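Topology and contacts: notes
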Amino acid sequence: MPKLKTNRGAAKRFRRTAKGFKHKRTNKSHILTKMTPKRKRQLRGFGDVSAADVAAVKRMVPKKGR
């Protein structure tokens, strides 16, 4: 059986944790002047991948991850 290939785009976007996967929040790259400080604070850090998407992420990132 051949080796499993990791989807490189997914590997850069998702991090495996003990409980599942995390991803970076959107809307934090540019044009932040119009966004309120409260909204920018809420977008800090990483969010959990929803339960509906975990199976798809596992297929794309089959190995342990970084």
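Calculation notes
- Residues numbered from 1 in each chain as written.
- Predicted model: local features only at pLDDT ≥ 70, side-chain atom pairs only at ≥ 80, totals over all residues.
- Heavy atoms only, no water.
- Helix = DSSP H or I, 4+ residues; strand = E, 2+ residues; numbered from the N terminus.
- Buried < 20%, exposed > 50% of the residue type's maximum accessible area, 1.4 Å probe, protein only.
- Contact = heavy atoms within 4.5 Å.
- Areas by Shrake-Rupley, 256 points an atom, 1.4 Å probe, with all protein chains shown as cover.
- Patch = residues over 30% accessible without salt bridge, like charges linked within 9 Å, V, L, I, M, F, W, Y side chains within 5 Å.
- Salt bridge = Lys/Arg side-chain N within 4 Å of Asp/Glu carboxyl O.
- Lys, Arg positive; Asp, Glu negative; His and termini not counted.
- Charge placed at Lys NZ, Arg CZ, Asp CG, Glu CD.
- Pairing = 2+ DSSP bridges.
- Axes fitted to C-alpha atoms, helices over the stretch in contact; angles between N-to-C directions.

**A short note on the overall build of the chain**
A tally of helices and strands in the chain yields three helices and three strands. For the chain, the sequential pattern of α-helices and β-strands runs α-β-β-α-β-α. Across its three principal directions, the C-alpha atoms of the chain cover 50 × 20 × 20 Å. Within the chain, the proportion of its 66 residues that are buried is 15%. If you take every contact in the chain between residues at least 6 apart in sequence, the share linking residues at least 24 apart comes to 58%. As displayed, the chain has an accessible area near 5900 Å², and 55% of this comes from carbon and sulfur atoms.

**Examining a positive patch on the surface**
A surface patch of positive charge is lined by Lys-3, Arg-8, Lys-12, Arg-13 and Lys-63. Counting through the fold element by element, Lys-12 comes out in helix α1 (residues 8-13).

**Here's the deal with unusual backbone geometry**
Trans peptide bonds make up the majority, and among non-glycine residues the majority have a negative phi. For Asn-27, which is not glycine, the phi torsion reads 70° and is therefore positive. Here Asn-27 lies in the loop between β2 (21-24) and α2 (37-42). At Ile-31, a residue that is not glycine, the phi angle is positive and equals roughly 55°. Position of Ile-31 relative to the elements: it lies in the loop between β2 and α2. Look at Ile-31 and you get exposed, because its relative accessible area is 52%.

**Digging into the sheet that holds strand β1 (residues 14-16)**
In spatial order, the strands read β1-β2-β3; together these three strands make up an open sheet with antiparallel pairing. Because the sheet does not close on itself, it has two edges, and the strands there are β1 and β3 (46-48). In this sheet, neighbouring strand axes are inclined to one another by 35° on average, regardless of whether the strands run parallel or antiparallel. In the sheet, β2 pairs with β3 via three bridges, with the strands oriented antiparallel. Residue pairing across strands places Lys-24 opposite Phe-46, the latter belonging to β3.

Shape is all these values report; function is a separate question.
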